[in-house]
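Each chain, letter by letter, is given below.
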Amino acid sequence: MRKEPVKVKENDPAARSSSFDEVALGYTEEEALQEASRCIQCKNPTCIGGCPVGINIKKFIFHITEKDYKTAYFTIRQKNDFPSICGRVCPAEYQCRRACVLSKKDLPYASKEAINIHFLERFTGDYGMNNKLEVPSQKQEKFSKAKIAVVGSGPAGICCAGELARQGAKVVVFEGLQKPGGVLRYGIPPFRLPRNILDYEIDYLKKMGVEFIPNFIIGKTKTLDELFKSGFNAIFLGLGAGIPSFLGIKGENLCNIYSANEFLTRINLMSAYKFPKAHTPVNIGKHILVVGGGNTAMDAARAALRLQKMQGITADTTIIYRRTEVEMPARRLEIEHAKEEGVKFRFLVQPVEFTGNEAGFVQKMKALECKLGEPDSSGRRRPIAIEGSEFEIDCDLAVIAVGLKANEILTKVTPTLKTDKYGDLTVNPETMETSIQGVFAGGDIVGGEGTVIEAMGMAKKASKAIADHILKL
Amino acid sequence: MKIIKKESLTQDSGVRVTKIEVSSPDIAAKAKAGQFVVLMVQEDGERVPLTIVDSDPKKGSVTLIFQEAGLTTKLLGRLSVGDFLYALVGPLGHATEIKNYGKVILVGGGVGIAEIYPVAKALKNAGNHITSILGARTKDLLILEGDLKKACDQVFVTTDDGSYGRKGFVTDVLKELLTESLQLKAYSLVYAVGPIPMMKRVAMVSKDFNVRAVVSLNAIMVDGTGMCGCCRVTVDGKTKFSCVDGPEFDAHSVDWDELTKRNRVYEEKEKHLCNLYKVS
């Protein structure tokens, strides 16, 4: 008989939803051993193919069962420099876990029988962090004179920086905001990714010799040409998906309607949840609606609910989604966590208009009921609004989490940098090189929004091409 | 990010306007009239946008002028020469379109006078004839009159209480100038920066005379690079982001009521902060 999956311990929903402390506590050694022992060590492991960076999952899990956590750690680090981050934020159920042979195949995501690879990765990553394990330097003389500029310090940028610094290149990372981390800092809340973990991983890169320059916007403060002129041999662009999309409906600019980016940036980067100790405010309502079905919507809703509770407001935060739960692109764990904490869900609802009061603050949302039609280009069933089904919901604060578009700050001033119709960078898929020689790219600025680990996968590919490029110079 | 010079421009009637020069060679090398920076005073502070009033690429410094309004500008006012800002990023936003328009009227209200100054200089250099109308509540609050007189061909001053220049509003003078030149179509552009009600009135007056008007908006921002959408403003029925699409827009197309309301969204929290930290 097959053993039951080991559930990860979590802070109690009632208590945790009044703070920004981490929700999932991670496996103890015993739990990790038990979960790892469920892995049947397939002859042809399919899970590895499900990982965008190709971590040797079978091998690292094997080393866990042997209690050789150090080798498990180095096994992951061969392919992924940030196991403690990815073990927390990877949508594993759509990637490695879905590919796990133990997973049932009738859902668009892994079933609970799949090995909890992400929790094992997190356990291993945290073991490495707590024991200060360091990957031996692989500095190579041939890279000692190479100087690489990385633009953006999100998942793609820090991954590329790590890969190249480890081989001995001088890497300088330029970040527009005041602190490095990109979406890991402004987008993902501390209850999912504690700041000490992020800081540790970034400090690790600093120890490897990576230099971080914050408050520096390539395209504004300096151009790509100027970077080359100042001595950089290659540039990696990990710009991210910068501009929030809105619904484009009437009343959307009323006060207290936020983009998820703004709402989360205020809370995560600017620490508005510590207001007034931190000076950046964020408003909170009695009836909060979050529009969208992705991880960002879950993060925004859970953050909103926490702020309601922390301010003594009866929790009333509702996710509004046009399709149903099964089509939601969010991680299943986030959906579960949101539900446990008290976030409400209203499915098959399409917002039509926001209405407000004299002072310009939102008061209600008008919406239509939907039904599901045929699958669209995304493979998900298309929501169809039902005529005459209009209704109103109380809403004194709304967060719009319906995706992002490419930020054009750099591309507008760099006409030779080719983009597609969405404004994303066009790259050679083999090398991730852009239309400008020596300029490479990865992450959300290539091909639109993806996951942290997908961005890292692209960055790794680019880092190999950058290394080749440098050797040719 | 070191403050290398500080000068108090006015501190009368409870209004404190301060000029600081901050060392920032990279920004100074790039800054153009009409652009802005986002700064932070301390790690747990707010990000606030300020117009770049002047830049000296040789010295590697930028000049900022601010009126103490919320907690951040009050804390900024307490910094001294030798202190460092926590963060300074820029130059952000589009630069003013500088070309020879012919005759241009610049309108500055309150601390907005500081923001028309770089535009006045740049337009003058491009061969324009510049008339400035400067408005202040009272004589003691008028800033940069001397600098603008040097940069412009003609300067008018109005004060609300008549303590200096003409009693009345900047738009009174604007209306007269535009009326006088009605037949000649002498002025081809009005450029205005100041409190929203002033810019709104400038928009109305210039529209009546069918003269193009450009305003630089002071929407609330967080990142200042298009990432958050906090600064969105409706222009000609479409949503624009002040930080990356602006900060300058066609005055006749701005939804002024929406902007007025959106700029008040944190009014109470700001008061609370100032009381709490006992800064006035």
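Sequence order as written defines residue numbering, which begins from 1 separately in each chain. Note on labels: chains are lettered from A, ligands numbered from 1, in written order. Residues qualify for local features only when their pLDDT is at least 70, as the model is predicted, and side-chain atom pairs are given and counted only at 80 or more; totals for whole chains, interfaces and linings, by contrast, use all residues.

The next point concerns the overall build of chain A. The secondary structure content of chain A amounts to 16 helices and 16 strands. We compute the radius of gyration over the C-alpha atoms and compare it with the globule rule, which gives 2.2 Å times the number of residues raised to the power 0.38. Expected size for 473 residues packed as a compact globule is a radius of gyration near 23 Å; at 23 Å, chain A falls within 12% of this value. Taken over the C-alpha atoms alone, chain A extends approximately 70 × 60 × 50 Å along its principal axes. We call two residues in contact when the distance between their C-beta atoms, placed using the backbone, is within 7 Å. At a minimum sequence separation of 6, the contacts of chain A that also span at least 24 residues come to 69%. Secondary structure is summarised from DSSP: a helix means a run of H or I of at least four residues, a strand means a run of E of at least two, and numbering begins at the N terminus for each.

As a further point, take the overall build of chain B. Scanning chain B for helices and strands turns up nine helices and 15 strands. Here chain B has a C-alpha radius of gyration of 18 Å; the compact-globule value for 280 residues is 19 Å, and the two agree. Here the C-alpha coordinates of chain B stretch approximately 55 × 40 × 40 Å along the principal axes. The proportion of buried residues among the 280 residues of chain B is 51%. A separation threshold of at least 6 residues defines the contact pool for chain B, and within that pool the share at least 24 residues apart is 64%. Labels follow a simple rule on C-beta atoms placed from the backbone: if 20 or more others lie within 10 Å of a residue's own, it is buried; if 12 or fewer, it is exposed; otherwise it is partly exposed.

Looking now at the environment of asparagine 268 of chain A. Residue and element names in this part refer to chain A. With respect to the helices and strands, the residue asparagine 268 is situated in helix α12 (residues 260-269). Counting along the chain gives 196 residues from asparagine 268 to alanine 72, while the straight-line C-alpha distance between them is 32 Å. Contacts of asparagine 268, omitting those with residues within four sequence positions, involve Arg185, Tyr186, Gly187, Ile188, Pro189 and Pro190.

Residue and element names in this part refer to chain A. An automatic or database domain assignment supplies the residue ranges for each domain. Parsing chain A into structural domains produces domain 1 (13-130), domain 2 (141-242 + 406-472) and domain 3 (245-404). Each partner contributes to the interface: domain 1 provides ten residues, whereas domain 3 provides twelve residues. When residue character is reported, Ala, Val, Leu, Ile, Met, Phe, Trp, Tyr, Cys and Pro are called nonpolar, Asp, Glu, Lys and Arg charged, and the others, Gly included, polar. Of the residues contributing to the side of domain 1 that touches domain 3, the split by class is six nonpolar, three polar and one charged.

Attention shifts here to the sheet that holds strand β8 (residues 129-136) of chain B. Residue and element names in this part refer to chain B. Any two strands with at least two DSSP-identified bridges between them are counted as paired. Taken in spatial order, the seven strands line up as β10-β9-β8-β7-β11-β12-β15 in an open sheet, and their pairing is mixed. Every interior strand has two partners, whereas the edge strands, β10 (166-167) and β15 (248-250), have only one. Examined bridge by bridge, strand β12 (residues 213-216) and β15 share three bridges and lie antiparallel to one another. Note on β15: the bridge partner recorded for serine 216 is glutamate 248. Its contacts with the sheet place helix α3 (residues 112-125) against β7 (103-109), β8, β11 (187-193) and β12, and it is angled at close to 160 degrees to β7. Every axis in this analysis is a line fitted to C-alpha atoms, fitted for helices over the stretch in contact. Angles between the N-to-C directions lie between 0 and 180 degrees.

Looking now at the sheet that holds strand β1 (residues 3-10) of chain B. Residue and element names in this part refer to chain B. Taken together, six strands build an open sheet; the order of strands is β1-β2-β5-β4-β3-β6 and the sheet is antiparallel. For this open sheet the edge positions go to β1 and β6 (87-92), each flanked by a neighbour on one side alone. Sheet twist, expressed as the mean angle between neighbouring strand axes with direction ignored, is 30 degrees. Each of β2 (17-23), β4 (48-56) and β5 (61-67) touches helix α2 (residues 71-78); the most contacted strand, β5, lies at about 125 degrees to it. Its contacts with the sheet place α3 against β4 and β5, and it is angled at close to 40 degrees to β4.

This part is about α12 of chain A. Along an α-helix, residues three or four apart share an orientation, since each turn contains 3.6 residues. Residues and elements named next belong to chain A. The element α12 is largely enclosed, with a buried count of ten among its ten residues. Taken together, the buried positions of α12 are occupied by Ala260, Asn261, Glu262, Phe263, Leu264, Thr265, Arg266, Ile267, Asn268 and Leu269. Buried positions along α12 lie against α9 (183-186), β5 (243-244), β6 (257-259), α13 (295-310) and β14 (397-400). Following α12 by one or two positions, serine 271 adopts a phi angle in the positive range, close to 60 degrees.

A few words on the domain arrangement of chain B. All names here are of chain B. Per the domain assignment, the segments making up chain B are domain 1 (3-92) and domain 2 (103-216). Between domain 1 and domain 2, the C-alpha centre-to-centre distance is 24 Å. Listed as interface residues are 15 residues of domain 1 and, on the opposing side, 13 residues of domain 2. Secondary structure elements with two or more residues in the side of domain 1 that touches domain 2: β1, β4 and β5. Among the elements that line the side of domain 1 that touches domain 2, the one with the most residues is β4, at four residues. Tallied by class, residues from the side of domain 1 that touches domain 2 come to eight nonpolar, five polar and two charged.

Residues and elements named next belong to chain A. Direction vectors running N to C along α12 and α13 enclose 50 degrees, while the axes themselves pass 10 Å from each other. Between α12 and α13, the interaxial angle falls into the category oblique. Handedness of the α12/α13 crossing: left-handed. Residues Ala260, Phe263, Leu264 and Ile267 of α12 lie in contact with α13, whose contacting residues are Thr296, Ala297, Asp299, Ala300 and Ala303. Across the contact of α12 with α13, the residue classes tally to seven nonpolar, one polar and one charged. We call two directions roughly parallel when the angle between them is under 35 degrees, roughly antiparallel when it is over 145, roughly perpendicular when it lies between 65 and 115, and oblique otherwise. Definitions for this section: a left-handed crossing has its near helix turned counterclockwise from the far helix by less than a right angle. A right-handed crossing has that turn clockwise.

Residues and elements named next belong to chain A. Both strand β11 (residues 362-375) and strand β12 (residues 381-385) contribute to a ladder of four bridges, which runs antiparallel. Paired with lysine 371 across the two strands is isoleucine 384, which belongs to β12. The antiparallel pairing of β11 with β12 creates a hairpin that spans five residues between the two strands, and glycine 379 there sits at a positive phi of about 85 degrees.

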